[in-house]
Amino acid sequence: METKSENRCFGGTQGVYTHASETCGCDMTFGLFLPELAKDMEVPVLWYLSGLTCTHENAMTKAGAQAWAAEAGIALVFPDTSPRGEGVANDEAYDLGQGAGFYVNATQDPWAPHFRMWDYVAEELPALIGSEFALDMDRQGITGHSMGGHGALTLAMNLPGRFRSVSAFAPIANPTQSDWGRKQLGAYLGEDESAWAKHDSTLLMREIGFDGPVLIDQGGDDQFLHLLKPEALAEAMAAKRQEGSFRIQKGYDHSYFFVSSFMEEHVAFHAEALLG
């Protein structure tokens, strides 16, 4: 693992690190914020998964999460959204290929050799940071925005016991029924739609739900509502009697202005679950 940068931030350290990923078959970069408390003890972990076109850097610099995480004594992990580099397949469209990994393990060419973001976020990166930093990996929460909200919800429901809490900002909530989903799931996983189901948070909510609290914030003026399909997830949460909240925030769009406006509440939500 190579340290790219480390900067003092709200009394703690915001670092950026690169490592050779066996899972993705290329170098991967991630951000990690450690609060000052991590100098003396292991701290809980909150994962932030970013959306389409983003890297590890977008939320790290725009979401304003470090201030609230420092106050709570929680680490923040900012993974990249896809493998990158020479030899990694790509597409001219912004919503497929590099920057658009959709947090799945691709089985189809040309994506299969590198696009294994599910295993990267679920297995390889947790093992790496757990061994290299002062983190309490028994206390983890996960959140994300848009494509990253989709990833956060599907990982949380598919990995029972891994995360104590899950939240999302404007998640792609029903990708098997949306153009933000059918295109990518078909390209990465093939035409058998039964393989898509574990990557649809609405279907997962209907079937299994989450064994902890859930918080969803959706902008009421989001320009991508027809692609996100939040009403499907809201209905599934109600039918499942899922512990948690689904909130429509009047006047907010899909941007990081929306995310940063409610980040304090999301960090506090996870802090309550992680710290008791």
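Please refer to the structure higher up on the page.
For clarity, every value in this text was computed on a predicted model and none was experimentally measured. (Residues numbered from 1 in each chain as written. Predicted model: local features only at pLDDT ≥ 70, side-chain atom pairs only at ≥ 80, totals over all residues. Heavy atoms only, no water.)

Engineer: Lay out the side chain of Gln-249 in plain terms, naming residues and giving numbers.
Structural biologist: Inspection of the secondary structure assignment puts Gln-249 in strand S9 (residues 244–249). Exposure remark for Gln-249: the relative accessible area of 14% places this residue in the buried category. Those residues in contact with Gln-249, other than ones at most four positions away along the chain, are Asp-217, Gln-218, Gly-219, Gly-220, Phe-258 and Phe-262. (Helix = DSSP H or I, 4+ residues; strand = E, 2+ residues; numbered from the N terminus. Buried < 20%, exposed > 50% of the residue type's maximum accessible area, 1.4 Å probe, protein only. Contact = heavy atoms within 4.5 Å.)

Engineer: Mind laying out the environment of Leu-34, listing which residues take part and the relevant values?
Structural biologist: One can find Leu-34 in strand S3 (residues 26–34). Leu-34 gets classed as buried once you look at its relative accessible area, which sits at 16%. On a C-alpha basis, the gap between Leu-34 and Phe-133 in space is 8.7 Å, while along the polypeptide they are 99 residues apart.

Engineer: Could you give an account of unusual backbone geometry, naming the residues involved and the relevant values?
Structural biologist: In the segment running from Asp-109 into Pro-110, the intervening peptide bond is cis, with an omega of 5°. Summarising the element assignment, Pro-110 is placed in the loop between strand S5 (75–79) and helix H3 (117–132). Non-glycine residue Ala-170 carries a positive phi angle of around 45°. Its place among the elements puts Ala-170 in the loop between strand S7 (165–169) and helix H5 (179–189). On the basis of relative accessible area, Ala-170 is assigned to the buried category, the value being 0%. We note that Lys-229 has phi near 55°; this positive angle belongs to a residue other than glycine. Within the secondary structure, Lys-229 sits in the loop between helix H7 (225–228) and helix H8 (230–240). The exposure class of Lys-229 is partly exposed, given its relative accessible area of 22%.

Engineer: Residue-level account of the sheet that holds strand S4 (residues 43–49), with values.
Structural biologist: One open sheet accounts for nine strands, arranged S1-S2-S3-S5-S4-S6-S7-S8-S9; its pairing is mixed. Here the strands that pair on one side only, and so sit at the sheet edges, are strand S1 (2–9) and S9. Direction aside, neighbouring strands of the sheet carry axes that sit 20° apart on average. The sheet contact formed by S1 and strand S2 (residues 12–21) spans seven bridges and is antiparallel. (Pairing = 2+ DSSP bridges. Axes fitted to C-alpha atoms, helices over the stretch in contact; angles between N-to-C directions.)

Engineer: Talk me through the pairing of S4; I want residue IDs and the actual numbers.
Structural biologist: Burial analysis of S4 places seven of its seven residues in the buried class, the great majority of the element. Taken together, the six bridges between S4 and strand S6 (residues 135–144) define a ladder with parallel strand orientation. What sits directly across from Val-45, in S6, is Gln-140. Bridge count for S4 against S5 is three bridges, and the pairing is parallel. Its bridge partner being in S5, Val-45 is matched across the sheet by Ala-75.

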